[in-house]
Amino acid sequence: MSSRLDELNQMYDKELSATADTQPTVLVLDSNWRALIELNRQMSQEQLEILQTLSVLSTKTETEQALKSLRSEQRATIETCQELLNQAAELSETAATQLEKATADLSSQAGKLNEEYGSKLKELDEYKHRLSLKVAKWIVLSQSVLIALSAALQLWLR
């Protein structure tokens with residue numbers, strides 16, 4: 001019996017040493033595989049959502065940069081418009097000054113023309129008056145000559 005006991009002890013020791021050398025193993029059932037596949041699909045979906053969120057965040061950053069660029073362009077445009085407004089104001093002031101000068105010159109020329117016209121009218125009136133006096137003088141003289149001739153003719157005819 002002792003041999004049998006020794007034999008059993010040896011078998012036990014053998015089994016125990018074999019157990020120590022054994023690698024752990026996992027038994028995967030069909031339901032476990034399906035759960036693992038579903039978990040993998042969910043993780044892939046979450047990863048895609050994270051990537052999309054990151055691309056949106058990148059787009060937000062790009063949008064902010066584009067807005068900053070747009071703001072700087074708007075500031076430059078506003079400055080350009082302000083410069084153009086200043087130039088237009090200067091040009092309008094210059095034009096107004098030139099227009100005032102031209103108006104003053106035209107008024108002065110109109111005054112001179114009015115004076116000239118008035119003096120020419122006065123000269124014309126004087127000329128007419130002198131002419132009318134000459135005509136009246138000639139009429140009186142011609143009538144006097146006619147009367148004298150008429151009287152001479154009557155005297156001669158008598």
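Provided above is the structure to which this section pertains.
Residues numbered from 1 in each chain as written. Predicted model: local features only at pLDDT ≥ 70, side-chain atom pairs only at ≥ 80, totals over all residues. Heavy atoms only, no water.

*Asks:* How would you explain the overall build of the chain if you had to name every residue and give the values?
*Replies:* Scanning the chain from N- to C-terminus turns up 2 helices and 0 strands. At 65 Å, the chain has a C-alpha radius of gyration far larger than the 15 Å of a compact globule built from 158 residues. By its C-alpha atoms, the chain is 225 × 30 × 10 Å across when sized along the principal axes. In the chain, which comprises 158 residues, the proportion classed as buried is 0%. Looking at the chain as shown, the accessible area adds up to about 15100 Å², and 61% of this sits on carbon and sulfur atoms. Each charge class in the chain can be summarised by its mean position, and for the 17 positive and 23 negative side chains these summaries are 28 Å apart. (Helix = DSSP H or I, 4+ residues; strand = E, 2+ residues; numbered from the N terminus. Rg over C-alpha atoms; globule rule 2.2 N^0.38 Å. Buried < 20%, exposed > 50% of the residue type's maximum accessible area, 1.4 Å probe, protein only. Areas by Shrake-Rupley, 256 points an atom, 1.4 Å probe, with all protein chains shown as cover. Lys, Arg positive; Asp, Glu negative; His and termini not counted. Charge placed at Lys NZ, Arg CZ, Asp CG, Glu CD.)

*Asks:* Account for the environment of Leu91, with residues named and values stated.
*Replies:* Here Leu91 shows up in helix α2 (residues 30–157). For Leu91, a relative accessible area of 60% gives the class exposed. Taking the C-alpha atoms as reference, Leu91 lies 55 Å from His129; in sequence the two are 38 residues apart.

*Asks:* Help me get a handle on a nonpolar patch on the surface, residues and values and all.
*Replies:* On the surface, Tyr117, Leu121, Leu124, Tyr127, Leu131, Val135 and Ile139 cluster together to form a nonpolar patch covering roughly 650 Å² of accessible area. By relative accessible area, Ile139 is classed as partly exposed at 41%. (Patch = residues over 30% accessible without salt bridge, like charges linked within 9 Å, V, L, I, M, F, W, Y side chains within 5 Å. Salt bridge = Lys/Arg side-chain N within 4 Å of Asp/Glu carboxyl O.)

*Asks:* Can you lay out the pattern of salt bridges for me, pointing to particular residues and giving the numbers?
*Replies:* Under the definition given, this model contains 1 salt bridge. Linking Glu38 and Arg41 is a salt bridge whose minimum nitrogen-to-oxygen distance equals 2.5 Å. Taken together, the residues span about one helical turn, with Glu38 and Arg41 both in helix α2 at a distance of 3 residues. Classification of Glu38 by relative accessible area gives partly exposed; the value is 32%. Taking relative accessible area as the criterion, Arg41 reaches 46% and is therefore assigned partly exposed.

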